[in-house]
Amino acid sequence: MTDTQRPDRRQGSEVEPSSEFTVVAGEWQDLPDAVEDDLMVINMGPQHPSTHGVLRMKLTLDGETVVSNEPIVGYLHTGIEKNTEYRPWVQGVTFVTRMDYLAPLHNELAYCLAVEKILGITDEVPERAQALRVILTELNRVSSHLVWIATGGMELGSTTAMIFGFRERESILDILEYVSGLRMNHAFIRPGGLAQDVPDEFDARVRQVCSEMRDRIGEIEDLLTENPIWVERNKGVGVMDAETCLSYGVTGPPLRSAGIAQDLRKSQPYCGFEQYDFDVPITDTADAYGRYLIRIQEIYESLRIVEQALDRLPGGPVMVEDQKIAWPAQLALGPDGIGNANSYISRIMGQSMEALIHHFKLVTEGFTAPAGQVYQAIESPRGELGYHVTSNGTNKPYRVKVRDPSFVHIGALPAFSKGLGVADIIVAVASVDPVMGGVDR
Amino acid sequence: MDLQDFGITVAIVVGGFALWILATALFIWGERRMVAKMQTRIGPNRIGPLGILQTVADGAKLFFKEDILPKGVDKVTYFVAPIASATVAMLTFAVIPFGGSFTVGDREYTLQIWDPEIGLLWVLAMSSIGVYGIVLAGWSSGSKYPLLGGVRSTAQMISYELAMGLGLVSVFIWVGSLQASEIVAAQSGTFFGSIPAWNVFPQLFAFILFFGAAIAEAQRPPFDLPEAEGELVAGFITEYSGAKFAMFFLGEFMQVVTMSAVTVTLFFGGPSGPLFGLEGTLAGALLGTFYFAVKTFVFMFVFVWLRGTLPRLRYDRLMDLGWKVFLPLGLLWVMATAAVVLIQDTLEQAQVLTGAGIILAALVLILIVGAFIDRSRGEAEPAEDEGEEAEDEPLALPSSAETAREGASRHGGARQVRVPK
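Only a predicted model underlies this, so the values are computations on that prediction, with no experimental measurement involved.

Rules used throughout
- Residues numbered from 1 in each chain as written.
- Chains lettered and ligands numbered in written order.
- Predicted model: local features only at pLDDT ≥ 70, side-chain atom pairs only at ≥ 80, totals over all residues.
- Heavy atoms only, no water.
- Helix = DSSP H or I, 4+ residues; strand = E, 2+ residues; numbered from the N terminus.
- Buried < 20%, exposed > 50% of the residue type's maximum accessible area, 1.4 Å probe, protein only.
- Contact = heavy atoms within 4.5 Å.
- Areas by Shrake-Rupley, 256 points an atom, 1.4 Å probe, with all protein chains shown as cover.
- Lys, Arg positive; Asp, Glu negative; His and termini not counted.
- Charge placed at Lys NZ, Arg CZ, Asp CG, Glu CD.
- Domains from an automatic or database assignment.
- Buried area = accessible area lost by both parts, 1.4 Å probe.
- Salt bridge = Lys/Arg side-chain N within 4 Å of Asp/Glu carboxyl O.
- Polar contact = N/O pair within 3.5 Å; in protein donor to acceptor, adjacent residues only side chain to side chain.
- Pairing = 2+ DSSP bridges.
- Axes fitted to C-alpha atoms, helices over the stretch in contact; angles between N-to-C directions.
- Phe/Tyr/Trp six-rings, centres within 6.5 Å; stacked < 30°, edge-to-face > 60°.
- Lys NZ or Arg CZ within 6 Å of the ring centre and 35° of its normal.
- Nonpolar A, V, L, I, M, F, W, Y, C, P; charged D, E, K, R; others polar.
- pLDDT = per-residue confidence, 0-100.
- Core = buried A, V, L, I, M, F, W, Y, C linked by side-chain atoms within 4.5 Å.
- Expected span 1.5 Å × (residues − 1).
- Parallel < 35°, antiparallel > 145°, perpendicular 65-115°, else oblique.
- Left-handed = near helix turned anticlockwise from the far one by under 90°.

For the overall build of chain B, give the residues involved together with the corresponding values.
Scanning chain B for helices and strands turns up 12 helices and five strands. For chain B, the spread of C-alpha atoms along the three principal axes comes to 95 × 65 × 40 Å. Expressed as a percentage of its 421 residues, the buried residues of chain B come to 47%. Excluding contacts between residues fewer than 6 apart, the proportion of contacts in chain B whose partners are at least 24 apart in sequence is 76%. When the accessible area of chain B is evaluated, it comes to approximately 19,700 Å², of which 70% is carbon and sulfur surface. Seen as two clouds, the 27 positive and the 38 negative side-chain charges of chain B have centres 12 Å apart.

Laid out in structure tokens, this is it:
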């Protein structure tokens, strides 16, 4: 690879993609004497306004220029991955939804698709459930990108972008709350379909949000896209060319900003994404500005997908027919909130002992999955979100290994930090949009 | 100096000080309310009508908070820094006339605390000392983020003080005096009978230069790098708490009020305005105060407006702007002003030459625009070259990237996003 191809012209930022980076956590007293060699070691995070939660970066600075950057993770470790091994298959949903908390529905979807794959019921999931999954995850993608715009803007001192982003996100969260009862961590997508059908007004409300959202994204674009300061701060910062992205396994908007139109919705379609007409926005800038433009365009594309899905939304059930897998419940609204319908309770309590046993077994023990392992990846807002699920034939997963894009992207941080200023580090980190909940699961 | 002189002077000093403190308190509240309005929020609205007493409550809270002294600090400088910062900000406004003049008996008084010969040089001197507060705070905290913030702010304030000084100097040359009262007096007439004879018209470029530098000097967005909270946590005030923090806070906001007031004094006629026959009376003087307040408010609003709109500049860009744009153009403008004034004095054709000044301002503006276009062109060219080279040798592209690109393009749907230049 020759030097002329590098889009980054900054001095000292040439990092060979093949270089190996050994990240070792250490003690402060073991660090090289900062005064002696004129370098300053500064600890950015885990408590810092701009590290997206609790990312810690050990920066070695020469003046304000970064000589090296060691990301250190683990401050938000929750043990979710391990915990799923102690719960029935269905309960795993409520865990994984809490990993990448800005894209809860994507976590649920990827987990459920993996479980469905291992059960071999991928084709039996009803059309309506698949279409609703598409609508909900695409709305979630929009809300996640809006949070990215908001926090990215905030870190550059643009408080108005912050408020705009969070304000628009609120309308999406309202929809999700309307559907599932929760703003985040919905546990709405279940193995085999959805927890329940959407309410009657769903179609109208989503359409209204879609049309409003277009105007409002336009407002954000007016504020930022051609703002000279915004452009100057983002252009040429955090450059990762295609080769670097591939060698670090970087996916999602950072990879697409390097000109590779890799999108799992196109290349490995799930939930019937092959039926929808949408584009994969790419740029050839490979920098933070390209990632910003791509995210804005992805919001428009997501809205397009949502509207197409609403147009073709079929009727019918939202859960597989198989009574050995589908959750044994008929939910209805009672005087004290949502719960099992009276007719259903009277049937299992008064008429059919077999139904009661079936209900009891399925709720307490859950279904068993055949032994084996599957890998299922979906395109989350941040990149390839993969679930490698292993079953040993019992009612609990043997192992759920998550390939979270944020974790992979943090691993690539040292590659594009060298030679940037402290101010640019913030932009570079923000541009890959790490969510620490997903990194430290 | 008899009792009457003494009493009136004390009244003016106390009144002026109270006015400034009040303006600062109102500005802090007003900024929060205005930014909230711009962002479809409500802002503080709990304490007092419309939340107007929020600043008082915040101030009281801060002064009663525990004063934390971190372990590694240099104690004396750590204490001195916030005091220096706040005191200097308070002293700056002493030379600014904030109202008209009135007569009591046979003596004339002006609503101004101090009117020295050196006049507005005082403003420059004070803002230079203000740097010490920040630098010392950054250094004495014994912590790394404050140090970075302190170093940044030194560099920033020194570079922008030059630009600010050049803006002031061209006004001094134009008016022929350093004294604030004379600068105001020189702007009291009208051009062509209808436009007020404010310095902003002949000295438009000096105004842009000065106001830009004033924003940087007051460390307000988009030039708030020393305390860039997204990068340096809180810059030089990271280790400060309680009353000492409040002093920095007060100093910063007072700077905004003062800089707006200086701008009004230099370029917008200070307290001058139609007096409706009230010349020489106390009511007339206070009417001047009203005009002054209104004009000052406009500029305070601009400060808030910028904060609501713009992201923060990067450090090196800020330096570029200060040294490569503001400074040379400022020097050019000072020379041009001097030349015009010299010709004016010789030919005594004031009105004609004022017009010439406006034309010159237009020319300089064209120059700036031209310079910006040149800069953007200069940046675009190498990028194009690189693109051509890459096209010449397509085989040099890494094979894995090529494979991935081809693989991805097989699935279709890729759309190149237009990247605005």
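Tell me about the domain arrangement of chain B, and please be specific about residues and values.
Residues and elements named next belong to chain B. Here chain B is described as being made up of domain 1 (3–346) and domain 2 (349–380). Each partner contributes residues to the interface: domain 1 has 15 residues there, and domain 2 has 15 residues. Summed over both partners, the interface of domain 1 with domain 2 comes to about 1,400 Å²; 76% of that surface belongs to carbon and sulfur atoms. Taken together, domain 1 and domain 2 are joined by zero salt bridges. At the junction of domain 1 with domain 2, the criterion picks out zero residue pairs in polar contact (both at pLDDT 80 or more). Every element with two or more residues in the side of domain 1 that touches domain 2 is listed here: helix H7 (204–217) and helix H10 (315–347).

I'd like to hear about the sheet that holds strand E10 (residues 383–391) of chain A, residue by residue, with values.
All names here are of chain A. Strands sit in the order E9-E10-E11 across an open sheet of three strands; the sheet is antiparallel. For this open sheet the edge positions go to strand E9 (372–380) and strand E11 (397–403), each flanked by a neighbour on one side alone. Each neighbouring strand pair of the sheet contributes to a mean axis angle of 15 degrees, computed without reference to strand direction. When E10 meets E11, the two strands line up antiparallel, connected through six bridges. Looking at E11, one finds that tyrosine 387 is bridged to valine 402.

Requested: an account of the packing of aromatic side chains, with residues and values cited.
All chains considered together, the criterion is met by 31 aromatic pairs over all chains. Plain terms: the ring middles of Tyr270(A) and Phe273(A) are 5.1 Å apart, the flat faces sit at 75 degrees to each other, and that makes the pair edge-to-face. Given the relative accessible area of 1%, Phe273(A) is considered buried. Between Phe211(B) and Phe303(B) the ring centres are 5.4 Å apart and the planes differ by 65 degrees, which places this aromatic pair in the edge-to-face class. Of this pair, Phe211(B) sits in helix H7 while Phe303(B) is found in helix H9 (residues 282–309), placing the two residues 92 residues apart along the sequence. For Phe211(B), a relative accessible area of 8% puts it in the buried group. Connected via pairs of aromatic rings, a cluster forms that spans Trp198(B), Phe207(B), Phe210(B), Phe211(B), Phe267(B), Phe268(B), Phe299(B) and Phe303(B). The positively charged end of Arg167(A) is found above the aromatic ring belonging to Phe164(A), 4.7 Å away from the centroid.

Lay out the interface of chain B and chain A in plain terms, naming residues and giving numbers.
Frequently, the measure chosen for interface size is the accessible area that the parts lose on association. Each side of the interface is counted separately: chain B has 45 residues, and chain A has 65 residues. Interface area, chain B with chain A, both sides summed: about 4,700 Å², of which 55% is carbon and sulfur. Interface area lost by chain B to chain A is led by Pro311(B), Arg314(B) and Arg415(B), which between them contribute 14%. Along the contact surface separating chain B from chain A lie one salt bridge. We note a salt bridge from Glu232(A) to Arg317(B), for which the minimum N-O separation is 3.4 Å. Between the two partners, chain B and chain A, sit nine residue pairs in polar contact (both at pLDDT 80 or more). Per-element tally for the side of chain B that touches chain A: the top contributor is helix H12 (residues 399–410) of chain B, with five residues. Across the side of chain B that touches chain A, the residue classes break down as 19 nonpolar, 10 polar and 16 charged. Pairing analysis gives three bridges linking strand E6 (residues 280–282) of chain A to strand E5 (residues 414–416) of chain B, with the strands arranged parallel. Residue pairing across strands places Val280(A) opposite Ala414(B), the latter belonging to E5(B).

Describe in detail the pairing of strand E1 (residues 40–44) of chain A, supporting the description with residues and values.
Residues and elements named next belong to chain A. For E1, the buried fraction is high: four of the five residues fall into the buried class. Of the strand pairs in this sheet, E1 and strand E2 (residues 56–62) are connected by five bridges, and their pairing is antiparallel. Note on E2: the bridge partner recorded for methionine 44 is methionine 57.

How would you explain the sheet that holds E1(A) if you had to name every residue and give the values?
As summarised here, the arrangement of the three strands in space is E1-E2-E3 (chain A), forming an open sheet in which the pairing is antiparallel. Each end of this open sheet is capped by a strand with a single partner; those strands are E1 and strand E3 (65–72) of chain A. In this sheet, neighbouring strand axes are inclined to one another by 20 degrees on average, regardless of whether the strands run parallel or antiparallel. The strands touched by helix H16 (residues 422–432) of chain A within the sheet are E1, E2 and E3 of chain A, with E2(A) carrying the most contacts at an inclination of about 150 degrees. Each of E1 and E2 of chain A is contacted by helix H5 (residues 144–175) of chain B, which is oriented at about 110 degrees to E1(A), the strand it contacts most.

Let's hear about the confidence of the model for chain A: which residues, and what values?
In the predicted model, chain A carries a mean pLDDT of 85, and 92% of its residues have values of at least 70. Below pLDDT 50 for its whole length, residues 1–15 of chain A participates in 39 contacts with residues either more than four positions away or in separate chains.

Residue-level account of the nonpolar core, with values.
Residue and element names in this part refer to chain A. Counting 129 residues, the largest nonpolar core has Tyr111, Ile135, Phe202, Val206 and Tyr387 as its most contacted members. Broken down by element, the residue count for this core peaks at 12 residues, all from helix H11 (residues 288–311). Discounting residues that sit within four places of it in the chain, tyrosine 387 has contacts with Val96, Met99, Asn107, Ala110, Tyr111, Ala114, Val374, Tyr375, Gln376, Val400, Lys401 and Val402.

Go over helix H1 (residues 3–38) of chain B with me, naming the residues and quoting the values.
Residue and element names in this part refer to chain B. Taking 1.5 Å as the rise per residue, H1 with 36 residues should run 52 Å; its terminal C-alpha atoms sit 51 Å apart, in good agreement. With a side-chain oxygen lying 3.3 Å from the backbone nitrogen of glutamine 4, the N-terminal cap of H1 falls on aspartate 2. Looking one or two residues beyond H1, the residue adopting positive phi is threonine 40, at roughly 50 degrees.

Please provide a residue-by-residue account of the packing of helix H3 (residues 75–92) of chain B against helix H8 (residues 242–267) of chain B, values included.
Residue and element names in this part refer to chain B. In the contact formed by H3 and H8, the axes pass within 8 Å of each other and the chain directions differ by 25 degrees. With respect to each other, H3 and H8 are oriented roughly parallel. Helix-helix and strand crossings are classified by hand; for H3 and H8 the assignment is left-handed. Each of Tyr78, Phe79, Ala81, Pro82, Ile83, Ser85, Ala86, Ala89, Met90 and Thr92 in H3 lies in contact with H8, whose residues at this interface are Lys244, Met247, Phe248, Leu250, Gly251, Met254 and Thr258. Residue composition of the contact of H3 with H8, grouped by class: 12 nonpolar, four polar and one charged.

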